[in-house]
There are 2 protein chains.
Amino acid sequence: MNRASEPTRIDIDLGERSYPIYVGAQLLERSAELLGSVATRDLLIVTNTTIEPLYALRLKSAFERADRRVSLLALPDGEQYKTLETTSKIFDTLVAGRFNRDATLVALGGGVIGDIVGFAAASYQRGIDFIQVPTTLLAQVDSSVGGKTGVNHPGGKNLIGAFHQPRAVIADIETLATLPPREYRAGLAEVVKYGFICDLSFLDWIESNAAPLRERDASSLVHAIRRSCEIKAEVVAQDEREHGLRAILNFGHTFGHAIETAAGYGEWLHGEAVAAGMALALDMSRRLGAITQGDADRSLRLMQKLELPIAPPRLGARRALELMGMDKKVLKGQLRLVLLKRLGEATVTAVYPRDVFEQTLAEHFG
Amino acid sequence: MNRASEPTRIDIDLGERSYPIYVGAQLLERSAELLGSVATRDLLIVTNTTIEPLYALRLKSAFERADRRVSLLALPDGEQYKTLETTSKIFDTLVAGRFNRDATLVALGGGVIGDIVGFAAASYQRGIDFIQVPTTLLAQVDSSVGGKTGVNHPGGKNLIGAFHQPRAVIADIETLATLPPREYRAGLAEVVKYGFICDLSFLDWIESNAAPLRERDASSLVHAIRRSCEIKAEVVAQDEREHGLRAILNFGHTFGHAIETAAGYGEWLHGEAVAAGMALALDMSRRLGAITQGDADRSLRLMQKLELPIAPPRLGARRALELMGMDKKVLKGQLRLVLLKRLGEATVTAVYPRDVFEQTLAEHFG
């Protein structure tokens with residue numbers, strides 16, 4: 001890892017809600033310095049019990065050295081705890097600690113922690129500041145940009161939440177060293193996604209750098225994270241509230257949600273479900289003639305090279321359809337899908353031949 | 001009541017979040033017509049078990065006649081149910097009914113219903129539309145403008161919430177006919193408040209019309225509601241997120257919160273606590289020389305004429321101070337107060353002689 005170098009900075013341009021993302025090594029120690037005039041008062045670091053022993057004290061000390069009053073809360077680890085009840089625990093801690101409107105929440109962990117803490121920040125006293133310190137690749141390339149926060153409901157994922165932008169994101173790539181291989185690979189799924197939907201040359205770059213990426217090479221990681229954040233930021237800046245374009249970021253996700261929900265939260269990692277979901281979306285795009293058989297083969301090969309799953313469980317086409325029905329992307333009764341127009345460009349559409357959709361489901365879900 | 005006349009319309013100007021308030025008689029029946037292109041799809045009317053038998057079917061039928069699919073949910077009545085758990089029930093109903101992002105929540109009831117339903121609308125699928133149909137005077141003159149939504153936490157009122165503007169407000173003054181006298185008078189407290197903080201000539205008008213107002217005269221009510229909404233709208237438009245000026249709307253509320261919290265939610269009605277709180281704020285403003293003894297006497301006489309309480313319970317100055325400490329208006333460790341600069345003009349300040357503050361507390365709280 002290139003320890004001595006300065007962090008890469010990406011600026012997310014959202015008017016008065018703009019914020020910087022710092023990507024690099026050994027950033028936890030420099031958090032207070034990087035944040036500057038942000039989060040200068042009371043802080044509550046919220047993490048999970050897996051991350052706590054690894055990084056919480058390092059981050060806490062960094063803030064304490066800069067004279068912040070810092071408290072720490074460790075939640076149980078897992079998507080099954082991404083609930084309103086868990087959010088309530090954060091509220092309880094904030095109230096008990098008499099945190100005021102000028103307090104800042106710090107989300108130290110993966111996407112689950114980021115989503116819960118962001119929602120708590122959006123709702124406590126009708127909105128306080130929060131900082132993201134993502135410790136998984138998925139969170140660094142996806143959850144840290146876009147301002148979507150929320151928790152799950154037994155009836156569906158992310159059904160309760162808010163749009164709330166962080167004041168800053170600190171992505172320390174050294175935290176990825178302790179990430180279990182499955183989780184790391186699940187993060188790569190979202191990296192590839194950006195290539196599929198927006199940037200053919202980035203897809204080329206990923207292909208050429210599949211080996212160093214798989215091996216968590218530092219400079220490859222910094223580039224992959226930066227380019228992913230840039231692409232997501234461009235899309236989000238054009239459509240912050242997901243009225244249209246932004247939905248392309250859900251490439252593979254509609255099919256993926258069915259997989260995750262059918263398996264029960266946590267059995268398939270989000271990124272794994274997205275990978276298998278992208279395989280379906282690629283296949284449907286091929287059936288519609290938008291991409292060639294060669295494009296599809298190449299795409300699947302790349303995902304396999306990154307050791308990503310490309311086959312969903314055989315849960316049956318009917319069950320899959322049912323599970324997609326409660327997906328948030330159902331608009332005006334019609335199921336909108338994210339499909340490719342060509343490799344490197346996605347589109348959101350509710351206009352497609354029903355039989356091709358059903359053939360795709362039958363082929364992959366059984 | 002002037003049944004035949006057209007409703008008064010007040011436009012709340014908040015850029016792309018602008019919305020109209022309709023004030024008048026027999027508006028429930030005309031809801032769909034008034035809303036026009038708003039709330040044209042699936043609706044969930046959320047009310048409480050007290051309001052349901054009085055007005056829910058009338059409103060539901062009005063929407064059904066206009067071909068909306070309408071569902072109904074009645075929550076238990078009372079401030080003690082203004083919780084995250086109750087909000088969860090709304091989410092459960094929305095998920096079970098497969099309501100999508102284009103659904104609209106309709107809050108039929110007083111401030112409690114408006115606050116809970118507004119927060120549910122802000123959070124369901126990260127924000128759906130909602131309509132306010134306030135059935136109490138307090139809700140018609142206060143909760144329906146400003147976009148504050150939220151629920152209570154055992155540690156304090158409104159600690160969990162969001163800013164979320166309704167798409168429209170329908171204030172049918174006929175719903176006030178069934179309001180218990182205490183609740184009606186509590187609403188008048190907020191009406192007088194607007195006179196105290198912003199508009200001396202409105203205060204004069206209230207003095208001259210105290211008798212018809214107390215008797216719920218229709219045309220007096222329409223004027224009082226309209227002028228109250230206009231004043232609140234002017235203040236909110238200048239400071240939607242309560243960074244400064246907007247806090248003047250909390251005149252009497254900081255002291256009032258102590259009263260409400262000490263007594264347990266529901267024992268003192270919000271408006272009653274605000275009235276007694278305003279008596280304290282008026283007295284402190286007099287002690288500071290901002291208003292005359294004559295102004296203070298006149299103000300208290302007006303509140304008595306409207307049969308509002310002007311003496312808080314003797315809970316002790318120390319306990320009161322403690323209860324005010326968790327109030328959201330504590331900024332940077334200092335207790336900000338809303339005081340009068342003169343009768344008809346308020347200011348928010350953290351700069352005042354501590355001894356005068358303590359004398360005021362000792363005098364009124366014991």
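Quick caveat: nothing in here was measured; it's all calculated off a predicted structure.

A. Seen up close, the overall build of chain A. Counting its regular elements, chain A contains 14 helices and 13 strands. Against the 2.2 N^0.38 benchmark of 21 Å for 366 residues, chain A shows a C-alpha radius of gyration of 20 Å, consistent with a compact globule. Expressed along its principal axes, the backbone C-alpha trace of chain A runs to roughly 60 × 40 × 35 Å. Each of the 366 residues in chain A was classed as buried or not, and the buried ones make up 62%. When the accessible surface of chain A is summed, it comes to about 13200 Å², and 48% of that surface belongs to carbon and sulfur atoms. Distance from the positive charge centre (43 side chains) to the negative charge centre (45 side chains) of chain A: 3 Å.

B. Broad picture of empty space enclosed by the protein. All names here are of chain B. Tallied over the entire structure, the rule returns one cavity of 30 Å³ or more. What lines the largest cavity is Ala107, Gly109, Gly110, Gly114, Gln132, Val133, Pro134, Ala139, Ser143 and Ser144. Counting only elements with at least two residues in the lining of the largest cavity, the list comes to β5 (104–109), β6 (129–134) and α5 (137–143). Taken together, the residues of the lining of the largest cavity sort by class into four nonpolar, six polar and no charged.

C. Up close: the sheet that holds strand β3 (residues 43–48) of chain A. All names here are of chain A. Taken in spatial order, the seven strands of this open sheet run β1-β2-β9-β6-β5-β3-β4, and their pairing is mixed. Since the sheet does not close on itself, it has two edges, and those belong to β1 (8–12) and β4 (70–75), each with one partner. Across the sheet, the axes of successive neighbouring strands diverge by a mean angle of 20 degrees, strand direction being ignored. As paired elements, β3 and β4 share six bridges and run parallel to each other. If you follow Leu44 over to β4, its bridge partner there is Ser71.

D. The arrangement of the side chain of Ser299(B) in detail. All names here are of chain B. Tracing the sequence through the fold places Ser299 in helix α12 (residues 293–305). Ser299 gets classed as buried once you look at its relative accessible area, which sits at 2%. Non-local contacts of Ser299, meaning those with residues more than four positions away in its chain, are made with Phe196, Leu282 and Leu343.

E. The arrangement of the side chain of Ser220(A) in detail. All names here are of chain A. In this structure, Ser220 sits in helix α9 (residues 218–238). Assessed through its relative accessible area of 5%, Ser220 is described here as buried. Among residues more than four places away in sequence, those in contact with Ser220 are Trp205, Asn209, Pro212 and Leu213.

F. Structural context of the interface of chain B and chain A. Listed by partner, the interface residues are 35 residues for chain B and 35 residues for chain A. With both sides pooled, the region where chain B packs onto chain A buries about 3300 Å², and carbon together with sulfur makes up 54% of that total. At the boundary of chain B with chain A, the tally comes to zero salt bridges. If you look at where chain B meets chain A, you find eight residue pairs in polar contact (both at pLDDT 80 or more). Among the elements of the structure, α3 (84–96), α4 (111–123), β7 (148–153), β8 (156–163) and α13 (317–325) of chain B are those that each provide at least two residues to the side of chain B that touches chain A. A per-element tally of the side of chain B that touches chain A places β8(B) first, with six residues. Split into classes, the residues belonging to the side of chain B that touches chain A amount to 13 nonpolar, 10 polar and 12 charged.

G. Inspection of the pairing of strand β9 (residues 168–172) of chain A at higher detail. Residue and element names in this part refer to chain A. Along β9, five of the five residues are buried, which leaves the element largely enclosed by surrounding structure. On β9, burial covers both faces: Ala168, Ile170 and Asp172 on one face and Val169 and Ala171 on the other are all buried. Sheet analysis places strand β2 (residues 19–24) next to β9, joined by four bridges and oriented parallel. Bridged to Tyr22 within β9 is Ile170. Two elements, strand β6 (residues 129–134) and β9, share two bridges in a ladder whose sense is parallel. What sits directly across from Ile131, in β9, is Ala168.

H. Structural detail: helix α14 (residues 354–365) of chain A. Residues and elements named next belong to chain A. Its 12 residues place the ends of α14 16 Å apart at the C-alpha level, agreeing with the 16 Å of an ideal helix rising 1.5 Å per residue. Regarding α14, the residues found buried are Val356, Phe357, Thr360, Leu361, His364 and Phe365. Within α14, the buried residues cover an arc of 135 degrees as seen down the axis, which keeps them to one side. Remark: Gly366 follows α14 within two positions and exhibits a positive phi of approximately 90 degrees.

I. Examining the relation of the copies chain B and chain A more closely. When chain B is fitted to chain A, the residual RMSD is 0.0 Å, and the transformation amounts to a turn of 180 degrees plus an axial shift of 0.0 Å. Taken together, the turn and the small shift mark the pair as related by a two-fold rotation axis. A shared interface surface links the copies, since 100% of the contact residues of chain B are contact residues in chain A too.

J. Focus on the environment of Asn250(A). Inspection of the secondary structure assignment puts Asn250(A) in the loop between α9 and α10 (253–263). In this structure Asn250(A) comes out as buried when scored by relative accessible area, which is 10%.

K. Region of the structure containing the sheet that holds strand β4 (residues 70–75) of chain B. Residue and element names in this part refer to chain B. Taken in spatial order, the seven strands line up as β1-β2-β9-β6-β5-β3-β4 in an open sheet, and their pairing is mixed. Only two strands of the sheet have a single partner each, and these edge strands are β1 (8–12) and β4. Direction aside, the axes of adjacent strands within the sheet are offset by 20 degrees on average. Packed on one face of the sheet, α4 meets β3 (43–48), β4, β5 and β6 and runs near 170 degrees to β5.

Conventions we followed
Residues numbered from 1 in each chain as written. Chains lettered and ligands numbered in written order. Predicted model: local features only at pLDDT ≥ 70, side-chain atom pairs only at ≥ 80, totals over all residues. Heavy atoms only, no water. Helix = DSSP H or I, 4+ residues; strand = E, 2+ residues; numbered from the N terminus. Rg over C-alpha atoms; globule rule 2.2 N^0.38 Å. Buried < 20%, exposed > 50% of the residue type's maximum accessible area, 1.4 Å probe, protein only. Areas by Shrake-Rupley, 256 points an atom, 1.4 Å probe, with all protein chains shown as cover. Lys, Arg positive; Asp, Glu negative; His and termini not counted. Charge placed at Lys NZ, Arg CZ, Asp CG, Glu CD. 1 Å grid on protein atoms, 1.4 Å probe; cavity = no way out; pocket = protein on both sides within 12 Å on 5 of 7 lines; lining within 4 Å. Points joined across faces, edges and corners; volume = space filled by probe spheres on them. Nonpolar A, V, L, I, M, F, W, Y, C, P; charged D, E, K, R; others polar. Pairing = 2+ DSSP bridges. Axes fitted to C-alpha atoms, helices over the stretch in contact; angles between N-to-C directions. Contact = heavy atoms within 4.5 Å. Buried area = accessible area lost by both parts, 1.4 Å probe. Salt bridge = Lys/Arg side-chain N within 4 Å of Asp/Glu carboxyl O. Polar contact = N/O pair within 3.5 Å; in protein donor to acceptor, adjacent residues only side chain to side chain. Expected span 1.5 Å × (residues − 1). Arc of directions from axis to C-beta. Least-squares fit on C-alpha atoms with pLDDT ≥ 70 in both.

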